[in-house]
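Here is how the chains run, residue by residue.
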Amino acid sequence: MIRKIIHIDEEKCNGCGLCAEACHEGAIDIVDGKAKLMREHFCDGFGDCLPNCPTGAITFEEREAPAYDEAAVKAAQAKKAEEKKMEHIHEGGCPGSRMMQFKAVQEESEPEQSQVKMKPVSRLGQWPCQIKLLPTEAPFYDGAKLLIAADCTAYAYANMHEDFMKGKITLIGCPKLDAVDYTEKLTDIIRNNDIKSVTIVRMEVPCCGGLQMAAENALRNSGKFIPWQVVTISRDGRILE
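Residues numbered from 1 in each chain as written. Predicted model: local features only at pLDDT ≥ 70, side-chain atom pairs only at ≥ 80, totals over all residues. Heavy atoms only, no water.

## Observations regarding the pattern of salt bridges
Move 1: The tally for this structure, following the rule as stated, stands at ten salt bridges.
Move 2: Close ionic contact of Arg191 with Asp188 constitutes a salt bridge, the shortest N to O distance being 4.0 Å. Residue Arg191 and its partner Asp188 are located together in helix α7 (residues 183–192), separated by three residues, close to a single helical turn.
Move 3: Judged by its relative accessible area of 23%, Asp188 is partly exposed.
Move 4: Among the ionic pairs, Arg238 bridges to Asp236, the shortest N-O distance being 3.1 Å.
Move 5: For Arg238, a relative accessible area of 45% translates into the label partly exposed.
Move 6: Look at the salt bridges and you will find they share partners, linking Glu40, Glu61 and Arg63 into a network. (Salt bridge = Lys/Arg side-chain N within 4 Å of Asp/Glu carboxyl O. Helix = DSSP H or I, 4+ residues; strand = E, 2+ residues; numbered from the N terminus. Buried < 20%, exposed > 50% of the residue type's maximum accessible area, 1.4 Å probe, protein only.)

Here it is in structure tokens:
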């Protein structure tokens, strides 16, 4: 079809990239230091990129071009937004804090449970798991059951993965060692995401009361009614009634 579409004069283009940033549809890329219209069906012909070009390299022209595909543009925008979330690295730039979700890996490992040797399978559903490092919003919180656990519980209670972590997003911490009140962080996580339930697993020692209190305060502060429970582990690894 004949329609209005942008034209980029590569001789005038200085490769600044302002047009690519201004193009909300993602039709323009910078290739070999020059702006190029890479996806003609993404260009709506409105020219948001024109006023951002400092060299006047972009103009309108009418020529044969594929029709503007709004559905394809929206799909590409959604994919880009999701990739941006998953590529997020926490402040400080530590690669070890990169968000990861392990659901697919766990499902692939499930058949191992039927083997004779019954090898243990990790039930950690995401990374990171330390409360201090976790983001307040992430895809793995969507519809999640939260496990808020004192970090010692995994060492005291032998079957932590199967009995508590399986099917949950795990948040661990120790208010005594971190010397911090987790209330605000946990409140933001519960308030800003679709959390289905909260399980708090703590040790019987008094200092673990800080973790339980932070979680309970976060549940109240979130303004949501969410099912929750507290499980206390003894120092010799038993669940206390």
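## Description of α7
Move 1: Among all positions in α7, only Thr183, Leu186, Thr187, Ile189 and Ile190 are buried. Burial along α7 is one-sided: seen end-on, the buried residues are contained in an arc of 165°.
Move 2: Where α7 is buried, its residues touch β7 (144–150), β8 (169–173), β9 (195–203) and α8 (209–222). (Arc of directions from axis to C-beta. Contact = heavy atoms within 4.5 Å.)

## Some thoughts on the sheet that holds β9
Move 1: In spatial order, the strands read β8-β7-β9-β10-β11; together these five strands make up an open sheet with mixed pairing. Only two strands of the sheet have a single neighbouring strand rather than two, namely β8 and β11 (239–240).
Move 2: Bridge count for β7 against β8 is five bridges, and the pairing is parallel. Residue pairing across strands places Leu147 opposite Thr170, the latter belonging to β8. (Pairing = 2+ DSSP bridges.)

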